[in-house]
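Breakdown of the fold
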Amino acid sequence: MEITDFNPWWKTKEIEKIFNDLKRRDSFNEIVKYVKDKQIIVITGLRRTGKTVIMHHLIDYLLKNQVNAEKIVYFNFDFLVENIESVFDRYKKATNVDYKKEKIYVFFDEVQKLNDWQNKIKIFYDLYPNIKFFVSGSSSLFIKKITKESLAGRSFDFQISPLDFVEYLKLKDKGKFIENPILFKNEIKGELKDYIKTGGFPELIYEKDDLRIKKYVKELVIDKIVYIDIPEVFKIEEPPLLQSLISIISSSPGMIVDYESIATDLKRNRKTISNYLFYLEEAFLIKKVYNFSRNKLTSEKKSKKFYPATTSLAFLYDSDYGKIIESLVLQNSDFRFFYRKADKEVDFIKVNNKEILPIEVKARKSIDKDMEKSLLDFMNKFKVKKGIIITEDYEIEKESVWFGAKGKIKFIPLWKWLLKK
């Protein structure tokens, strides 16, 4: 494969139609702000979230901002593994651009395929400040680990997550739903059912076939990470154990993980279970939330909950609907804490500086006083004046009291909360 095959814009002055037809993700708008900075742009994230597409949209941005097409070079190491020097030599022969002197933009995709890539790029970065590097790859865990160790101070890192519900609607040209949610309430609820199944993967937003969705998530996401990405970094001996842990967490989102109990059930030691859960978290397949305490060290030591990173994993493993909705809320937020003490539990605690907001997820039709019990108990204990209960459709804001504990509780429908309204 020739280097010209990777760079059709040298002839056409535009990126390929397959990329041009795709809408730009919100992440693109964040990354593009750093195009003029010297630092290497490192793009990480869960597989199939659109990292390669974002690279091509960045190339399109450069072309439309009058950057000479021949001074933009893209190379995908998944198709052809060569050393960096060879890539640059082939580039120079094809374009006559002197990469050592002229300002150029270099995009390396699937860069993890190249042995010792980080040190080789670091040499070019230090020797030729005229080169702006963008690197990405489907083995995002590998890239993330190496950039922290070897490219510290030389890179800006961006994590690409699955689509949140608002971005999902935008990519489907349903922006009018966001602007007028009351009018399009039923349509929003219909889209939400599809979003839960597809989990925010851009390639699946129009897919309706449940079996195809499950096959995509299992074979193109989970299996690739479990049998390729994680073993490539940590040299693990038991990829099937990773599969077992994914199944356990995805079939019961929000479970409080007892390492000893799981180790006993799976006939492994506690350290192995702890390590493998860490690998899955680092690979963006699962999320961990901590039991809230005002003392950060105490939170680290207390029990932890685990969730699948996207609702499509919970859908794949036929999880309970209520637990899938908890995963949905977490996927569309940055919550890092829950609260549990004795028989009192609050699903999520949002912490913003010193502001604390407890949130319960009760996405069902019936509403009763017991819903408020744990929330009010938490509010009383931590002197918090407001709390939120996410419901299926019920909406009201009221002062609530439960055995002396009181506070203002806002009930918000799930579909409205997801729209950030």
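Quick note: structure is the one above.
Computed from a predicted structure; not experimentally measured.

**Overview of the environment of Phe382**
Along the chain, the position of Phe382 falls in the loop between helix H19 (373-381) and strand S12 (386-391). Spatially, the C-alpha atoms of Phe382 and Lys189 are 35 Å apart, while their sequence positions differ by 193 residues. Once you skip the residues sitting within four places of it in the chain, Phe382 turns out to touch Phe292, Arg294 and Tyr339.

**A closer look at the nonpolar core**
Counting 54 residues, the largest nonpolar core has Phe88, Phe107 and Phe108 as the members making the most contacts within it. Here this core takes six residues from helix H5 (residues 51-64), the largest share from any one element. Residue contacts for Phe108: discarding those within four places in its chain leaves Met55, Phe75, Phe77, Ile84, Val87, Phe88, Ile121, Phe133, Phe134, Val135 and Ser136. Core analysis: the second largest hydrophobic core is formed by 37 residues, Phe184, Ile188, Ile196 and Ile324 among them.

**Notes on the packing of aromatic side chains**
Across all of its chains, the model carries 38 aromatic pairs by this definition. Plain terms: the ring middles of Tyr99 and Phe124 are 6.4 Å apart, the flat faces sit at 40° to each other, and that makes the pair tilted. Highlighted residues: Tyr99 in the loop between helix H6 (84-95) and strand S3 (104-109) and Phe124 in helix H7 (residues 117-127), separated in sequence by 25 residues. Judged on exposure class, the residue Tyr99 and its partner Phe124 are both buried.

**Considering the side chain of Thr391**
For Thr391, the position within the fold is in strand S12. For Thr391, the side chain forms a polar contact with the main-chain nitrogen of Asp393, separated by 3.5 Å. In this structure, Thr391 is in contact with Lys362, Ala363, Ile367, Phe411, Ile412, Pro413 and Leu414, ignoring residues within four places of it in sequence.

About the thresholds
- Residues numbered from 1 in each chain as written.
- Predicted model: local features only at pLDDT ≥ 70, side-chain atom pairs only at ≥ 80, totals over all residues.
- Heavy atoms only, no water.
- Helix = DSSP H or I, 4+ residues; strand = E, 2+ residues; numbered from the N terminus.
- Contact = heavy atoms within 4.5 Å.
- Core = buried A, V, L, I, M, F, W, Y, C linked by side-chain atoms within 4.5 Å.
- Buried < 20%, exposed > 50% of the residue type's maximum accessible area, 1.4 Å probe, protein only.
- Phe/Tyr/Trp six-rings, centres within 6.5 Å; stacked < 30°, edge-to-face > 60°.
- Polar contact = N/O pair within 3.5 Å; in protein donor to acceptor, adjacent residues only side chain to side chain.

Purely spatial values, then, with no claim about function.
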